[in-house]
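# Coordinate inspection notes
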Amino acid sequence: MIGWIDFSSIERDRVSQVLSMLQEKGTLDELGIGQIRDAFADQLFPGFSTIQTRAKYFVTIPYIFYDYRKLELHERPPLDEYINQQEDKLAICLVENHRHDMPKGIIGKDSLEKGVARKPSSVYWNGVRQLSIANTELSLREFTNQYQALANKKSETHVDDDELHSDIAHQMTKPDGYNESWLNQVSIDLTRKEAEFLKNKLQLSSKIEHSVPAQLFKHNLVGDALQMADMLTNDAWQAEALYEKLKDSPISSQTKTCFEKALQFSFVLEGAHIRYNILIAHRAKNTEQIELLSEEFDVWLNHASKQLTSFEQQSIDSWYDFAFGPYKNANNRTRQFIESWCSLIRENASVDKLSACVKQQAIANKGARCLLRKALNENQKWVGMRKLEFRWPSAKVILQDIQEGLDVSA
């Protein structure tokens, strides 16, 4: 059981997102590097998350806000209640309209009677802001309060202001492709107009100019990237394959360098996670797993010895510069661990010293909850991260939807 006290709706949204993402395979942060991993992902794929499912929700959220404006004043419930009701109805309509060809990614399709537990507006809110569909830095709760107050001002133009002549229209952009009966007709697939709307937002939002998705659309590389991804095997490192595809392309040098640094960071810390899982295997007394992982570590170490520049202080500094920028704080304990790990690799330290470094960080990071302090079953599987994907697999699904929508006949 986890409990916490939040002091703002922004903090509450962030905690909810983190708890949702922790349910995803391979995201357990045993060594405390999640902060820098997420910071890189925020640079490469801002507005995307591992719990987003389909691009459609980027337009249904602003549709619902626009529908609210069209209600007569006396018909309007509190906006947060209205959003909840409409998102429950959205799930029902999507399931009904796809009853003969149920696609992946309909949020709430398995809990229609109880209502959607994880609302799309919550899952996609950061993306809606990053794409400048909602022009705000407020949390969803703060924004709905502000929007509701604006909508209820009698002086505000509400319905006939599609050209952004009013404050409220500027707050939340109405996507192209909106029509009054959209909810009853809704499909998880994007229409041509919706896809063009999202493509334009990805290309034109200044907040995400150097993100991978924006650069892919800007240089007409989305189709190539998706085709490459389709050809990979399930165990391939998808982020690395994408970088190899893009490193000689015309995408911005800032994007390329950030991507290169992120992959370098992933490789360096992969070794620490293999070492951690060897310790887990020892704890579980799993001889076979110890042998397999030790062989894997030897391969990694051999690879590392050929690129020791990746372990120099200059590399570590560049990771933090690209991930966080000069003004944001990062966890000092984690940075000390990374620096110690890299130093030991540069010095060709013994595996005992490497294991001691990893064990110290794991216990410092997890405390009494650290698996190295618990009795483990011999069947204990791999724990924690391996090769980092920085949200590309999730972003790929969204881009695929947009690309398919662009191919729909007008």
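As the structure is a prediction and not an experimental result, all values here were calculated from the model.

Conventions and cut-offs
- Residues numbered from 1 in each chain as written.
- Predicted model: local features only at pLDDT ≥ 70, side-chain atom pairs only at ≥ 80, totals over all residues.
- Heavy atoms only, no water.
- pLDDT = per-residue confidence, 0-100.
- Contact = heavy atoms within 4.5 Å.
- Phe/Tyr/Trp six-rings, centres within 6.5 Å; stacked < 30°, edge-to-face > 60°.
- Helix = DSSP H or I, 4+ residues; strand = E, 2+ residues; numbered from the N terminus.
- Buried < 20%, exposed > 50% of the residue type's maximum accessible area, 1.4 Å probe, protein only.
- Axes fitted to C-alpha atoms, helices over the stretch in contact; angles between N-to-C directions.
- Parallel < 35°, antiparallel > 145°, perpendicular 65-115°, else oblique.
- Left-handed = near helix turned anticlockwise from the far one by under 90°.
- Salt bridge = Lys/Arg side-chain N within 4 Å of Asp/Glu carboxyl O.

Moving on, we come to the confidence of the model for the chain. Taken over all residues, the pLDDT of the chain has a mean of 91, while the share at 70 or more is 90%. Predicted confidence for residues 19–26 stays below pLDDT 50, and this span has 14 contacts to residues more than four positions away or in other chains.

Under the definition given, this model contains 21 aromatic pairs. Taking 5.5 Å as the distance between ring centres and 45° as the angle between the ring planes, the aromatic pair formed by Tyr-57 and Tyr-124 counts as tilted. Here the residue Tyr-57 occupies a position in helix H3 (residues 57–70), and Tyr-124 occupies one in helix H5 (residues 120–130), the gap between them amounting to 67 residues. The two residues Tyr-57 and Tyr-124 agree in class, both being buried. Ring geometry for Trp-300 against Phe-311: centres 6.0 Å apart, planes inclined by 80°, an arrangement best described as edge-to-face.

Look at helix H11 (residues 222–230) against helix H18 (residues 392–406): their axes get within 10 Å of each other, and the N-to-C directions meet at 125°. By the angle between their axes, H11 is oblique relative to H18. Crossing of H11 over H18 shows left-handed handedness. Touching Val-222, Gly-223, Ala-225, Leu-226 and Ala-229 of H11 are Trp-392, Lys-396, Leu-399, Gln-400 and Gln-403, all from H18.

Here Asp-401 is to be found in helix H18. Those residues within four positions of Asp-401 in sequence are excluded, and the remaining contacts are Arg-54, Ala-55 and Leu-190.

So, on to the pattern of salt bridges. Per the stated rule, a full pass over the model turns up 17 salt bridges. As a salt-bridge pair, Arg-54 and Asp-189 come within 3.6 Å of each other at their nearest N and O atoms. Highlighted residues: Arg-54 in the loop between helix H2 (34–44) and H3 and Asp-189 in the loop between helix H8 (182–185) and helix H9 (192–204), separated in sequence by 135 residues. The class of Arg-54 is buried, set by a relative accessible area of 10%. Among the ionic pairs, Glu-339 bridges to Arg-335, the shortest N-O distance being 3.2 Å. Placement of both Glu-339 and Arg-335 in helix H16 (residues 332–346) is noted, with a separation of four residues, approximately one turn of the helix. Judged by relative accessible area, Arg-335 falls into the partly exposed class, the value being 23%. Linked by salt bridges that have partners in common, Arg-54, Asp-189 and Asp-401 make up one network.

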